[in-house]
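# Fold and contact review
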Amino acid sequence: MAQRKRSWARDAFWMTLSVVLMIIIWDLCVRIFKIPSHLLPGPIEVYKSGAKNIVPIVAHSGWTILAVLAGFIIAVAVAVPLAIVIVLSPTAERMLYPPMVAIQSIPKIALAPLFVVWFGFGVVPKVAVAFLICFFPIVVDTIVGLRSIDPALIQLARSMGATPRKIFLKLRLPGALPSLFGGLKVASALAVVGALTGEFIGSDSGLGYLLISASGMLNTALLFAVLVVLSVLATAFFYLIEVLERVLIPWHVSQRAHAH
Amino acid sequence: MNARLDIADAVDAANPVAADRAFIDIAGAAKTFVGQDGGAVVALEGVDLKIRRGEFVSIVGPSGCGKSTLLMLVSGLVEPTGGTIRIAGAPVTGPYTDLGFVFQTDLLLDWRSVLGNILLQCDMRGIDARKHETRAQELVNQVGLKGFESKRPFELSGGMRQRVAICRALLLDPPMLLMDEPFGALDALTREQMQIDLQTMWQRSQKTVMFVTHSISEAVFLSDRVIVMTPRPGKIRAILDVDLPRPRDLHIHETPGFSKIVHEIRVMFQDMGVIHR
Ligand SMILES: Nc1ncnc2c1ncn2[C@@H]1O[C@H](COP(=O)(O)OP(=O)(O)OP(=O)(O)O)[C@@H](O)[C@H]1O
Ligand SMILES: [Mg+2]
């Protein structure tokens, strides 16, 4: 336990150090090469712009966070049961898999304009794009996880008189969690891409909208401020899932640490 | 031979079905697998074997000759493509659960502690695990894993993991044990200790044991009878009685009687071309 805490503290230390170093290098580059601020503003300028626009940035962030989380959560809620059905029933697999792959082959970004036509300019089309884009990796990784069980383990359980239900709940499902979390991490990044895409296409809210309008006004400092906020939000989302992983499957996380 | 067998005989005499003294009765058992490419793999062919209640039988044979398959057929986990299996007179048609099965790999669950893995027996059977915690702890102590009960499998060595798998099979004190190379992952010293402990446990508990191993001397040391199998398709080449007194200790390796049987089996493998001169 003590060891784990210390390594958390160490992680935080190195992360802070690398961020501080990057900011210093950024600042030095801008000063030394005299880069015009409409191309690359210095960190202080970006900070000032962010501080000045803090109210709109927070408000627009709220919309983006909503779209990302809603799209992601709906995707999990649909993808995981679907993966279970596909694994349990060959018929379901034959029926559901081809249309899924077909949908997956369409670039989701291409659907964003259609969603604007269907759902208007509100948050719904963004949720829809975020959902679609992170749905597939979750399904696939959950299926892979559920299938990864050692057939001999099922035999062992049967020799103990276990029912199929028990084998599923106590062996297959926990065994699938590491792979499922792999899918969730990929999906967490994709959900942000999806929501932003939706906001680019047609919107009057969200960080994607703010980016487009800052770019239209050649307000590069604001553009960078929004980018920084975006990357902080996306990173926070990713780590949220990591924390969840540590809580739910500590056995897997510590095993991974062990292997390093 | 000893008191233990006399009791077993008395039990069998009282039971008309087991009167022929076969607790496990394998008659003409055969198994052909359909391979991934659609081709047939004959794993076992016409295996006849009767095992008495309380008997310790080892199976030796080259890799791929169907030893594991034979245990799977006996446990009812895999259906034979020919012949029948009876246990205590009743034909085996589905998984036979009144046994402890040690598989060739340890099959420990990463998300359970050592104790939790042993108690998997209870969870799978729908028995209250708390009632068997004491017994699980005793077994852990017996196999020298005291202090490791709350460790996760990845913190254990291969040999330790296999010992946990053995404890899991023994937890509910089953009358029958199927063991598929249980000591394969152990170092030589631990292996000899485990052989002695298994013999002691078996002598005390009168379990019927089918024990698969690659080690000829291990088979002879432990068994009442050693079944020698041919290369695939697996058939029984010979059944050897091991009439050495029990309890046996490790010095039995140096006795002429022991060496003679080991030699006999080795010659058989040479004749079958499994071991080259
Ligand atoms: N599920 C299966 N599907 C197809 N072929 C199989 C299957 N299980 C076993 N076999 C084949 O049957 C033969 C016997 O396998 P088995 O595992 O019983 O051998 P074994 O004697 O236990 O070998 P080893 O000593 O290496 O463990 C092998 O040729 C193997 O390829
Ligand atoms: Mg085998």
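In this report, the structure presented in the accompanying data block is examined.

Thresholds applied
- Residues numbered from 1 in each chain as written.
- Chains lettered and ligands numbered in written order.
- Predicted model: local features only at pLDDT ≥ 70, side-chain atom pairs only at ≥ 80, totals over all residues.
- Heavy atoms only, no water.
- Near = heavy atom within 4 Å.
- Polar contact = N/O pair within 3.5 Å; in protein donor to acceptor, adjacent residues only side chain to side chain.
- Areas by Shrake-Rupley, 256 points an atom, 1.4 Å probe, with all protein chains shown as cover.
- Contact = heavy atoms within 4.5 Å.
- Buried area = accessible area lost by both parts, 1.4 Å probe.
- Salt bridge = Lys/Arg side-chain N within 4 Å of Asp/Glu carboxyl O.
- Helix = DSSP H or I, 4+ residues; strand = E, 2+ residues; numbered from the N terminus.
- Pairing = 2+ DSSP bridges.
- Axes fitted to C-alpha atoms, helices over the stretch in contact; angles between N-to-C directions.
- Phe/Tyr/Trp six-rings, centres within 6.5 Å; stacked < 30°, edge-to-face > 60°.
- Buried < 20%, exposed > 50% of the residue type's maximum accessible area, 1.4 Å probe, protein only.

All right, on to the site of ligand 1 then. Residues and elements named next belong to chain B. Residues in close proximity to ligand 1 total 14 residues, the closest being Ser63, Gly64, Lys67, Ser68 and Thr69. In the environment of ligand 1, an oxygen atom lies 3.0 Å from a nitrogen or oxygen atom belonging to the backbone of glycine 66. At 2.5 Å from an oxygen atom of ligand 1 is found a side-chain nitrogen or oxygen belonging to threonine 69. Here ligand 1 loses 66% of its free accessible area of 640 Å² to cover by the protein chains.

Contact with chain B, which involves 24 residues of that partner, is made by 20 residues of chain A. Buried surface at the junction of chain B and chain A, both sides included, amounts to about 2100 Å², of which 70% is carbon and sulfur. Counting the surface chain B buries against chain A, the share from its top three residues, Trp111, Met124 and Phe154 of chain B, is 37%. For the pair chain B and chain A, the interface holds one salt bridge. Between the two partners, chain B and chain A, sit two residue pairs in polar contact (both at pLDDT 80 or more). Here the side of chain B that touches chain A takes five residues from helix α4 (residues 120–125) of chain B, the largest share from any one element.

All names here are of chain B. Across the sheet, four strands lie side by side as β2-β1-β4-β5; this open sheet has antiparallel pairing. Unpaired on one side and paired on the other, β2 (40–51) and β5 (90–91) mark the two borders of the sheet. Bridging between strand β1 (residues 24–34) and β2 involves eight bridges; their strand directions are antiparallel. Each bridged residue has a counterpart across the sheet, and for isoleucine 24 the counterpart in β2 is isoleucine 51. Docked against the sheet, helix α2 (residues 67–74) engages β1, β2 and β4 (82–87), running at close to 120° with respect to β1.

Moving on, we come to the side chain of glutamine 162 of chain B. Summarising the element assignment, glutamine 162 of chain B is placed in helix α6 (residues 158–170). Residues within four places of glutamine 162 of chain B in sequence aside, it is in contact with Val102, Phe103, Gln104, Thr105, Asp106, Glu181 and Pro182 of chain B.

This part covers the packing of aromatic side chains. All chains considered together, the criterion is met by 13 aromatic pairs over all chains. A centroid spacing of 5.9 Å and a plane angle of 45° characterise the contact between phenylalanine 115 of chain A and tryptophan 118 of chain A, whose relative ring orientation is tilted. With phenylalanine 115 of chain A and tryptophan 118 of chain A both in helix α5 (residues 108–119) and three residues apart, this pair spans about one turn of that helix. Look at tryptophan 118 of chain A and you get exposed, because its relative accessible area is 54%. Consider the rings of phenylalanine 115 of chain A and phenylalanine 119 of chain A, whose centres lie 5.8 Å apart with planes at 40°: the pair is tilted. Taken together, the positions of phenylalanine 115 of chain A and phenylalanine 119 of chain A, both in helix α5 and four residues apart, correspond to about one turn of that helix. Through a chain of ring-to-ring contacts, three or more aromatic side chains come together here, namely Phe56, Phe183, Trp202 and Phe211 of chain B.

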